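What follows is each chain in one-letter form.
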Amino acid sequence: MVLSNGAWLLPLEPGQAVSRGWPLPTGPQGVTWHWTATRDLLTCSKVLGGNNPVRKGQASAHFGVGRTTQEGVDQYVALENRSWHAGIEQRFRWDGQALTSANDKASRTTVGVETVALGFARSGVPAEADWIDVDTPDGLTRLRVQPWTDEQVTMMIEIGRAIVAKFPHIKPEHHHGHSDLCPTYKQDVLGFPFAKVLRGIYQDDTLADVWTPCRTVLDRQRVLETLGYSLGPSGADGDWGRLSREALVKFHADSGLPAEPYWTTFTCRKAYQRLHA
Ligand SMILES: [Zn+2]
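Okay, so let's go over this structure. Predicted, not measured: the structure shown is a model, and the values here were computed from it.

1. Focus: the coordination of the zinc ion
Here's step 1: In this structure, His34 (ND1), His178 (ND1) and Asp188 (OD) serve as the protein donors to the zinc ion, at separations of 2.1 Å.
Here's step 2: In the primary sequence, the donor residues of the zinc ion line up as H-x143-H-x9-D. With His178 in helix H4 (residues 178-181) and Asp188 in the loop between H4 and helix H5 (194-201), the pair connects residues that are 10 residues apart, well separated along the chain.
Here's step 3: Classification of His178 as buried rests on a relative accessible area of 6%.

2. Description of the pairing of strand E6 (residues 110-115)
Here's step 1: Along E6, 6 of the 6 residues are buried, which leaves the element largely enclosed by surrounding structure.
Here's step 2: Two strands pair when backbone bridges link them, and strand E3 (residues 63-65) and E6 are joined in this way by 3 bridges, in the parallel orientation. Paired with Phe63 across the strands is Val113, a residue of E6.

3. Section: the side chain of Thr38
Here's step 1: With respect to the secondary-structure elements, Thr38 resides in the loop between strand E2 (30-35) and helix H1 (41-48).
Here's step 2: A distance of 2.7 Å separates a polar atom in the side chain of Thr38 from a polar atom in the side chain of Thr36.
Here's step 3: Residues contacting Thr38, with those up to four places away along its chain left out, are Thr43, Cys44, Val116, Ala117 and Leu118.

4. Description of the packing of helix H7 (residues 242-254) against helix H8 (residues 265-275)
Here's step 1: Orientation of H7 relative to H8, taken along the N-to-C sense of each, is 75°, at an axis distance of 11 Å. Of the possible angle classes, the one that applies to H7 and H8 is roughly perpendicular. Along its contact with H7, which presents Leu248, Phe251, His252 and Asp254, the element H8 presents Thr267, Lys270, Ala271 and Arg274.

5. What to know about the nonpolar core
Here's step 1: Membership of the largest hydrophobic core comes to 50 residues, with the highest contact counts inside it found for Trp33, Val113, Ile163, Leu224 and Trp263.
Here's step 2: At 7 residues, the largest contribution of residues to this core is made by helix H3 (residues 150-166).
Here's step 3: If sequence neighbours within four positions are ignored, Val113 has contacts with Val31, Thr32, Trp33, His34, Phe63, Val65, Ile159 and Ile163.
Here's step 4: Among the nonpolar cores identified, the runner-up in size contains 10 residues, and Leu41, Ala59, Ala61 and Val116 belong to it.

6. Some words on the packing of aromatic side chains
Here's step 1: With the rule as written, the count across this model stands at 7 aromatic pairs.
Here's step 2: Between Trp148 and Phe192 the ring centres are 5.1 Å apart and the planes differ by 80°, which places this aromatic pair in the edge-to-face class. Placement of the pair is Trp148 in the loop between strand E8 (142-145) and H3 and Phe192 in the loop between H4 and H5, with a sequence separation of 44 residues. Of the two residues, Trp148 and Phe192, neither departs from the other in class, the shared state being buried.
Here's step 3: Here the aromatic residues Trp33, Trp35, Phe120, Trp148, Phe192, Phe194 and Trp211 are joined through ring pairs into a cluster of three or more.
Here's step 4: Arg122 extends its terminal NZ or CZ atom over the ring of Phe120, reaching a point 5.4 Å from the ring centre.
Here's step 5: The side chain of Lys186 reaches across the aromatic face of Tyr185, ending 5.2 Å from its centre.

7. A closer look at the environment of Lys166
Here's step 1: Structurally, Lys166 is set in helix H3.
Here's step 2: Judged by its relative accessible area of 38%, Lys166 falls in the partly exposed class.
Here's step 3: Note: C-alpha distance between Lys166 and Asn103 (63 residues apart in sequence) is 22 Å.

Conventions used here
- Residues numbered from 1 in each chain as written.
- Predicted model: local features only at pLDDT ≥ 70, side-chain atom pairs only at ≥ 80, totals over all residues.
- Heavy atoms only, no water.
- Donors = N, O, S within 2.8 Å, 3.2 Å for Na, K, Ca; no water.
- Helix = DSSP H or I, 4+ residues; strand = E, 2+ residues; numbered from the N terminus.
- Buried < 20%, exposed > 50% of the residue type's maximum accessible area, 1.4 Å probe, protein only.
- Pairing = 2+ DSSP bridges.
- Polar contact = N/O pair within 3.5 Å; in protein donor to acceptor, adjacent residues only side chain to side chain.
- Contact = heavy atoms within 4.5 Å.
- Axes fitted to C-alpha atoms, helices over the stretch in contact; angles between N-to-C directions.
- Parallel < 35°, antiparallel > 145°, perpendicular 65-115°, else oblique.
- Core = buried A, V, L, I, M, F, W, Y, C linked by side-chain atoms within 4.5 Å.
- Phe/Tyr/Trp six-rings, centres within 6.5 Å; stacked < 30°, edge-to-face > 60°.
- Lys NZ or Arg CZ within 6 Å of the ring centre and 35° of its normal.

The structure is reproduced here in structure tokens:
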């Protein structure tokens, strides 16, 4: 295990972004993956960990995963306790259902893992040739996202295996990104290599990649049309308008998900199931 020696663990005391224990006796119900929007792990660890973090009392995570084996993994909160990693503007919970109780917020129900990545290209953060094109959950913005490194994927798998060894009721479908819970508020971790990471964690190469085929609005429109949802006369045209939004809401309602217009990891899973039923 590449885990650091705990030098960045938050003290379990008032005023720190850590809470003792989990509300449910089984512990957390899932894993929420994040990106740091930083270049290195040290910056993330100074912000979220140690005795006097930059975001003291505001935000934390259980782990921070560097981009290289040399950076390794830092731990900020023990798995026995809760980290304050998500909950603001949260619409959905770990299973894709609507968030109706504050008790179901991610900071009370999921393990939070930060992965060091710049996030999406923006002013001062230019994209490189290998960055990933992905559209936001509302279908209105195309982002170019920095890919995760192979060494990082290996470390994410190790962390995931440690989490699942402790909480074996956490299954592949209980992993999601911050933006899947808070699609109007967050972009992390759009473009995340879920298939690679989950196949490694669960040692199961048959786990389907339900994400890559749904990265862009054109992909999503084609899926909806294939499943019989009309997009009107213009069809799948790469322009996410009112009819596309309405088709997505109907697909969600028909699939047992909240009737909301955001394409999330939960949508990807349902779409794959319906396409392969
Ligand atoms: Zn996040």
